[in-house]
Amino acid sequence: QVQLVESGGGLVQAGGSLRLSCAASGSIFSINAMGWYRQAPGKQRELVAAITRGGSTNYEVSVKGRFTISRDNAENTVYLQMNSLKPEDTAVYHCNAHTNVFRRTWIAYNYWGQGTQVTVSS
C-alpha cells in the first residue's frame, strides 16, 4: 500500500505562486508514476501534471509554462510548483500514485491523497 500526504495549498492572488508537496510512504518501490489532479466546483476531475518513474513529465495544456512537476527521490516527495496563478486554477488538488504489483499477472492500483485546496483570487 501507498500513503500520500499533500500540503502547500492556500489562498493566493492572481499572478502569485504556490508549491504543493506530496509525500509518499509505504510500498514506494511499486510506484510507476505520480501526478496531480484537480477538481473545481461543477467541473470534472482533470490531470494537471504527471511524472513517471523515469522522469518523463506531462502537463495539461492550460498549465504548460506555468506549472512544473518534480520529484525528490531521497525524500519520496513530488512537488508541483505553480506560478502565474489564475482564478481558473482554483480547485481541490489531489496527489495520485500509480502502482503495478505482480499477483499472477500485473495489477494496477491508484492511490490518492486527501486533497489540498488552492484558491486564486482576482
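None of these values were measured; they are calculated from a predicted model.

Core analysis: the biggest nonpolar cluster contains 27 residues, and Met34, Trp36, Leu80, Met82 and Tyr93 have the highest contact counts within it. Elements represented by at least two residues in this core include exactly β1 (2-7), β3 (18-26), β4 (31-39), β5 (46-52), β7 (67-72), β8 (77-82), β9 (91-103) and β11 (116-121). Discounting residues that sit within four places of it in the chain, Met82 has contacts with Gly16, Ser17, Leu18, Leu20, Arg66, Phe67, Tyr93 and Val118.

On to the sheet that holds β7, then. Taken in spatial order, the four strands of this open sheet run β1-β3-β8-β7, and their pairing is antiparallel. The open sheet has two free edges, formed respectively by β1 and β7, since each of these has just one partner strand. Along the sheet, successive strands turn relative to each other by an average axial angle of 15°, direction set aside. Where β7 and β8 come together, six bridges link them in antiparallel fashion. In the sheet register, Asp72 faces β8, and the bridge partner there is Thr77.

Moving on: the pairing of β11. Burial along β11 is one-sided: Thr116, Val118 and Val120 are buried, and none of Gln117, Thr119 and Ser121, which face the opposite way, are. Judged from the four bridges that link them, strand β2 (residues 10-13) and β11 form a sheet pairing that is parallel. Within the sheet, the bridge partner assigned to Gln13 lies in β11 and is Ser121. Here β9 runs beside β11; their pairing, made up of three bridges, is antiparallel. When the bridges of β11 are listed, Val92 appears paired with Gln117.

The rules we used
Residues numbered from 1 in each chain as written. Predicted model: local features only at pLDDT ≥ 70, side-chain atom pairs only at ≥ 80, totals over all residues. Heavy atoms only, no water. Core = buried A, V, L, I, M, F, W, Y, C linked by side-chain atoms within 4.5 Å. Buried < 20%, exposed > 50% of the residue type's maximum accessible area, 1.4 Å probe, protein only. Helix = DSSP H or I, 4+ residues; strand = E, 2+ residues; numbered from the N terminus. Contact = heavy atoms within 4.5 Å. Pairing = 2+ DSSP bridges. Axes fitted to C-alpha atoms, helices over the stretch in contact; angles between N-to-C directions.

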